[in-house]
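Chain residues, written in single-letter form:
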Amino acid sequence: MTTFHLLLVILDPYTHESSWIVKTAGRILKSFNEADCRVGWLITGTEEHAKEFLGPWASEILTFIDPDLDFVKGIELIETPALVHFDQHPQLVG
């Protein structure tokens, strides 16, 4: 159960598209740092992949990992990179 909105950038460290968006997504997430929501990364890989792929962003912004794609499949995400927003219920808003 959450008491806050959650905004996640979901990236696959094995795709060029995800690597192109890291810097821009990092700036977006940092700008939401003062908002009434939590922000973070979700990397479809291991902890080591996340640290290597995100570099310093991994320690600056909350980072989740989904090596077995359980979460990604659960929200029926079709492609990455993706920006997803969950409300307080928690329900996928967009």
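Residues numbered from 1 in each chain as written. Predicted model: local features only at pLDDT ≥ 70, side-chain atom pairs only at ≥ 80, totals over all residues. Heavy atoms only, no water.

### A closer look at helix H2 (residues 47-54)
Each full turn of the α-helix corresponds to 3.6 residues, which orients residues three or four apart in the same direction.
And then number 1: Every buried residue belonging to H2 is among Ala50, Phe53 and Leu54, and all of these are buried. In a view along the axis of H2, the buried residues occupy a sector of 80°, so they form one face of it. Across H2 from its buried face, at more than 90 degrees, point the exposed residues Glu48, Lys51 and Glu52.
And then number 2: Its buried side turned inward, H2 meets strand S1 (5-11), helix H1 (16-31), strand S2 (37-43), helix H3 (57-60) and strand S3 (63-65). (Buried < 20%, exposed > 50% of the residue type's maximum accessible area, 1.4 Å probe, protein only. Helix = DSSP H or I, 4+ residues; strand = E, 2+ residues; numbered from the N terminus. Arc of directions from axis to C-beta. Contact = heavy atoms within 4.5 Å.)

### Here we look at the pattern of salt bridges
And then number 1: Summed over all chains, the structure comprises two salt bridges.
And then number 2: When the shortest N-O distance is used, the salt bridge between Glu60 and Lys30 registers 3.6 Å. With Glu60 in helix H3 and Lys30 in helix H1, this residue pair connects regions lying 30 residues apart in the sequence.
And then number 3: Here Glu60 falls in the partly exposed class, since its relative accessible area comes to 46%. (Salt bridge = Lys/Arg side-chain N within 4 Å of Asp/Glu carboxyl O.)

### Section: the environment of Pro81
And then number 1: In this structure, Pro81 sits in the loop between helix H4 (70-74) and strand S4 (82-86).
And then number 2: Residue classification places Pro81 among the partly exposed residues on the basis of a relative accessible area of 33%.
And then number 3: Pro81 sits 62 residues away from Ser19 along the chain, and the two C-alpha atoms are 9.0 Å apart.
And then number 4: If sequence neighbours within four positions are ignored, Pro81 has contacts with Ile10, Leu11, Glu17, Ser18 and Ile21.

### Quick word on the pairing of S2
And then number 1: Where burial is concerned, most of S2 is hidden: six out of the seven residues are buried.
And then number 2: As paired elements, S1 and S2 share seven bridges and run parallel to each other. When the sheet's bridge partners are listed, His5 is paired in S2 with Cys37.
And then number 3: Once the chain exits S1 it traverses H1 before rejoining the sheet at S2, and the crossover so formed is right-handed.
And then number 4: When S2 meets S3, the two strands line up parallel, connected through three bridges. Directly across from Leu42, in S3, lies its bridge partner Phe64. (Pairing = 2+ DSSP bridges. Right-handed = clockwise from strand over helix to strand, strands pointing away.)

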